[in-house]
Amino acid sequence: PIGLQRILTNPDKKKRQTDFLSSIEVLIVDNANAIELQNWDHMLTVLKHTNQIPTAMHDTDFGRVRMWSINDQAHLFRQTLVFTEYNTPNINNLLSKSENIFGKFRFRKNVKNEESAMFKVGLKIRQIFNRFESSTPLDEPDARFNHFKSVIVPSLSKSTSYEDGLLIYIPSYHDFVRVKNYLHQKTSLLFIDANEYSEQKDLTKARALFQQGRRKILLYTERLHHYRRFDLKGVKNIFMYGVPNNPIFYTELVSSIGRSVYDGIADFNISNVRVLYSKWGALALERIVGSERAPG
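Let me sum up the structure you'll find in this document. (Residues numbered from 1 in each chain as written. Predicted model: local features only at pLDDT ≥ 70, side-chain atom pairs only at ≥ 80, totals over all residues. Heavy atoms only, no water.)

### Focus on the side chain of Gln-127
Stage number 1. Its place among the elements puts Gln-127 in strand β3 (residues 126-131).
Stage number 2. In this structure the side chain of Gln-127 is engaged in a polar contact, spanning 2.5 Å, whose partner is the side chain of Tyr-250. (Helix = DSSP H or I, 4+ residues; strand = E, 2+ residues; numbered from the N terminus. Polar contact = N/O pair within 3.5 Å; in protein donor to acceptor, adjacent residues only side chain to side chain.)

What follows is the structure in structure tokens.
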């Protein structure tokens, strides 16, 4: 998508092209979940320019042009196929906005308990799911942050079974910046962060300080884990600011506590995983706990 985006929005108007997408009749979005972790805005830009009326003639034989295309109805006849390993609100929204006169079909697999990420962890560790209330999806980021400030942070400030080894996993980069600024400006917690924009030397330093216990908390983003898949050391407790979209991430992160137990620096009876969620995160949650246990 980024290659198409550069052509469609080129600052040089002479090099900008959009007409080549005007006659698309079959649009296939493959690996939509991977595209979302790159830059979803590029995908939206491509869709915005697809099936628009051309700006130039291009030696067109108008005797062969269909009337519905002339009437700016080409998008109604386009067949759109979206393939993804798992569903997300962004992908759902893409399908909802794709119009077709023959309707839409969505195939979704129910997640059995034995297929859920929580079941596949294979460790006897306490996994706690904390729900917060949010009236609309637009209000959810603020409601999540307010719950974090009022409920979660006070518990982090108190002494726990461990003095270090807390991994805070944050799916959204915007939420990551918000949490980082708050912890830095409003608390005295010793933490360090690792995100997808960090340089390699900073990532190495952050992981070393966390493993050595010189920083009690490590802020860690979903996109960084997607691209680097770090095998984090020194993790004793995990707090997930949001439910991971990819269930594999949940299994991999929780398994890092198992490594700490194997290394003799943690205990399954003391360690725990806490996940913050709202009703708007039901799609991701059912991949973690199974369709039956996920709230509607």
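Still more ground to cover, so stick around.
### So, the sheet that holds strand β6 (residues 217-221)
Stage number 1. In space, the 6 strands of this open sheet follow the order β3-β8-β7-β4-β6-β5, with parallel pairing throughout. Of all strands in the sheet, those with a lone pairing partner are β3 and β5 (191-194), marking the two edges. For this sheet, the mean angle separating the axes of adjacent strands, direction not counted, is 15 degrees. (Pairing = 2+ DSSP bridges. Axes fitted to C-alpha atoms, helices over the stretch in contact; angles between N-to-C directions.)

### Considering helix α11 (residues 247-262)
Stage number 1. Counted at 1.5 Å a residue, the expected span for α11 with its 16 residues is 22 Å, and the 23 Å between its end C-alpha atoms agrees.
Stage number 2. Within α11, burial applies to Pro-247, Phe-249, Tyr-250, Thr-251, Leu-253, Val-254, Ser-256, Ile-257, Gly-258 and Ser-260.
Stage number 3. Following α11 by one or two positions, Gly-264 adopts a phi angle in the positive range, close to 85 degrees. (Expected span 1.5 Å × (residues − 1). Buried < 20%, exposed > 50% of the residue type's maximum accessible area, 1.4 Å probe, protein only.)

### A look at the pattern of salt bridges
Stage number 1. Summed over all chains, the structure comprises 12 salt bridges.
Stage number 2. Close ionic contact of Glu-140 with Arg-144 constitutes a salt bridge, the shortest N to O distance being 2.9 Å. Taken together, the positions of Glu-140 and Arg-144, both in helix α7 (residues 140-157) and 4 residues apart, correspond to about one turn of that helix.
Stage number 3. With relative accessibility at 14%, the residue Glu-140 sits in the buried group.
Stage number 4. Across the pair Arg-259 and Asp-231 runs a salt bridge, and its minimum N-O distance is 2.3 Å. (Salt bridge = Lys/Arg side-chain N within 4 Å of Asp/Glu carboxyl O.)

### Quick word on the packing of aromatic side chains
Stage number 1. What the rule picks out here adds up to 6 aromatic pairs.
Stage number 2. Ring plane angle 20 degrees and centroid distance 4.4 Å describe the contact between Trp-68 and Phe-77, whose orientation is recorded as stacked.
Stage number 3. Where Tyr-173 meets Tyr-197, the ring centres are 5.0 Å apart and the plane angle is 75 degrees; that geometry is what we call edge-to-face. You can see Tyr-173 sitting in helix α8 (residues 173-186) and its partner Tyr-197 sitting in the loop between β5 and α9 (200-211), a full 24 residues away along the chain.
Stage number 4. Put simply, the rings of Phe-148, Phe-239 and Tyr-241 touch in pairs and so form one group of aromatic residues. (Phe/Tyr/Trp six-rings, centres within 6.5 Å; stacked < 30°, edge-to-face > 60°.)

Spatial relationships are all this shows, so hold off on functional conclusions.
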